[in-house]
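# Close look at the chain arrangement
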Amino acid sequence: IRPPAIETPLLKRLGAALRVAQEALDGGDRAHATVVVVTDGEDHGGAGRAVAGELGAQGTAVHCAGIGSASGSKIVIEDSSAGGQAFLRTRDGDEVVSAIDRAGLSAIADAGGGVFVDATASGALAFVDLWTDHVAPRARSSIESDDRRDRAHRHQTPLLVAWLLWSCGLALTGRGFGRRSQKT
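A brief look at the structure comes next. Every chain is numbered independently, its residues counted from 1 as its sequence is written. Side-chain atom pairs in this predicted model are given and counted only at pLDDT of 80 or more, local residue features only at pLDDT of at least 70, and totals for whole chains, interfaces and linings cover all residues. To get the side-chain values, all heavy atoms of the structure are used, and hydrogens and water are removed first.

## Notes on the pairing of strand β1 (residues 34–39)
What counts is decided by this rule: A simple rule labels every residue: compare its accessible area, found with a 1.4 Å probe on the protein chains alone, to the largest value its type can have, and call it buried under 20%, exposed over 50%, or partly exposed in between. Secondary structure counts use DSSP, requiring at least four H or I residues in a row for a helix and at least two E residues in a row for a strand, with both numbered from the N terminus. In this scheme, strands are said to pair when DSSP sees at least two bridges between them. The definition of a right-handed crossover adopted here requires that, viewed with the strands pointing away, the path from the first strand over the helix to the second runs clockwise.
Where burial is concerned, the two faces of β1 differ: the one with Val35, Val37 and Thr39 is buried and the one with Thr34, Val36 and Val38 is not. Direction of pairing for β1 relative to strand β2 (residues 61–66): parallel, over a ladder of 6 bridges. Following the sheet pairing, threonine 34 is matched in β2 by alanine 61. Since β1 and β2 lie parallel, the crossover through helix α2 (residues 48–57) that links them has a hand, and here it is right-handed.

## Considerations on the environment of histidine 134
Applied cut-off: Residue contacts follow a heavy-atom distance rule, with two residues in contact if any of their heavy atoms lie within 4.5 Å.
Tracing the sequence through the fold places histidine 134 in helix α5 (residues 124–154). For histidine 134, a relative accessible area of 29% puts it in the partly exposed group. Residues in contact with histidine 134, not counting those within four places in the same chain, are His63, Val115 and Asp129.

Structure, rendered in structure tokens:
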């Protein structure tokens, strides 16, 4: 899956970002697909829970990893004109302060059949646990179900070819089926 280019407005609207993930998964097998949302959890558009519910109903698990402060913090961005970094600003020039919304992220994860992890306190360990406990098992079950689906047909074609070659070999040597070769 190749992720589409994401425009800045999507970063403020979880529903729109999840819709991009949904479109990226179109045509694929969603039975074991997983979307991991890493965010502060503010869903300004308010559609995150509904889209996560759609994805969950289609078989895609939506997990949320929250990062940020409950009291809020400024968002640092790269700014080449300022010679390095600056704070994200609104159109009016005010600095954006974003706070983690644990309850909102939990609701989105629940709607999508996933889990919420708070990566603020536990850092990288939260991602390791998310991978180990939820993402990897889904991926394994997807691989195993593909193997089971393919296993039924895996050896039939080569077996048929081998049987046809064996039959042709018998016919060409004059032995035929059920006849014993005669010694002279």
